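Chain by chain, the residues run as shown.
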Amino acid sequence: MPDTYDYITLLCRLKAAQTRIKELESGERYIHLQELHQKEYMAYERKLRRAAQDLAAARRETIRVRNYWF
């Protein structure tokens, strides 16, 4: 019984390895990783841009309130 299990496990691992090799050789995996990286990069850029806009708005509000106070 253990031999059958090991054989099936090895076949599954072989199939997974062959699929991975096929993806790497064709470039599909690299393209997918590049697209994923681009999405993450754009999300980070949006987050930074939003933080900068919030900071600028807070500074404008501080200046406006200070001018009213004087």
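Quantities reported herein were computed from a predicted structural model and do not represent experimental measurements.

(A) Molecular detail of the overall build of the chain. A tally of helices and strands in the chain yields 2 helices and 0 strands. Expected size for 70 residues packed as a compact globule is a radius of gyration near 11 Å; at 27 Å, the chain overshoots this value by more than 25%. Along the three orthogonal principal directions, the C-alpha set of the chain runs to about 85 × 30 × 5 Å. Taken over 70 residues, the chain has a buried fraction of 1%.

(B) Local environment of the environment of Gly27. Along the chain, the position of Gly27 falls in the loop between α1 (2-26) and α2 (28-69). Gly27 sits 38 residues away from Val65 along the chain, and the two C-alpha atoms are 57 Å apart.

(C) Looking closely at the packing of aromatic side chains. The full count for this structure, using the stated rule, is 1 aromatic pair. Aromatic side chains Trp69 and Phe70 sit 5.1 Å apart centroid to centroid with 65 degrees between the ring planes, which places their arrangement in the edge-to-face category. As far as burial versus exposure is concerned, Trp69 and Phe70 are alike and both exposed.

(D) Here's a closer look at the pattern of salt bridges. Inspection of the entire model under this criterion finds 2 salt bridges. A salt bridge links Arg50 to Asp54; the nearest nitrogen and oxygen atoms lie 3.6 Å apart. Pair noted here: Arg50 and Asp54 are both in helix α2, with a separation of 4 residues, about one helical turn. When its relative accessible area of 39% is taken as the criterion, Asp54 is described as partly exposed.

(E) Structural view of a nonpolar patch on the surface. On the surface, Tyr7, Ile8, Leu11 and Leu14 cluster together into a nonpolar patch covering about 400 Å² of accessible area. Looking at where Leu14 falls in the secondary structure, it is placed in helix α1.

(F) Geometry of the environment of Arg60. Structurally, Arg60 is set in helix α2. Given the relative accessible area of 55%, Arg60 is considered exposed. Separated by 22 residues in sequence, Arg60 and Gln38 place their C-alpha atoms 33 Å apart.

Analysis parameters
Per chain, residue numbering runs from 1 following the sequence as it is written. With the structure being a predicted model, the display of local features is reserved for residues of pLDDT at least 70 and the display and counting of side-chain atom pairs for 80 or more, all residues being used for whole-chain, interface and lining totals. The side-chain figures draw on all heavy atoms in the structure; neither hydrogens nor water molecules are used. Helix numbers and strand numbers start at the N terminus; a helix is a DSSP run of H or I with at least 4 residues, a strand a run of E with at least 2. In this description the radius of gyration comes from C-alpha coordinates, and the expected globular size is given by 2.2 Å times residues to the power 0.38. The cut-offs for exposure are 20% and 50% of the maximum accessible area for each residue type, with area from a 1.4 Å probe on protein chains only; residues under the lower value are buried, those over the upper are exposed, and the others partly exposed. Any two of the Phe, Tyr and Trp rings considered here, Trp counted by its six-membered ring, make a pair once their centres fall within 6.5 Å; the pair's planes then place it as stacked at under 30 degrees, edge-to-face at over 60, or tilted in between. Every case where a carboxyl oxygen of Asp or Glu lies within 4 Å of a side-chain nitrogen of Lys or Arg is listed as a salt bridge. In this analysis, a patch consists of residues with relative accessible area above 30% that form no salt bridge, clustered at 9 Å for like charges and at 5 Å for the nonpolar side chains Val, Leu, Ile, Met, Phe, Trp and Tyr. The Shrake-Rupley method, run with a 1.4 Å probe, gives the accessible areas here. Residue values count only the displayed protein chains as cover.

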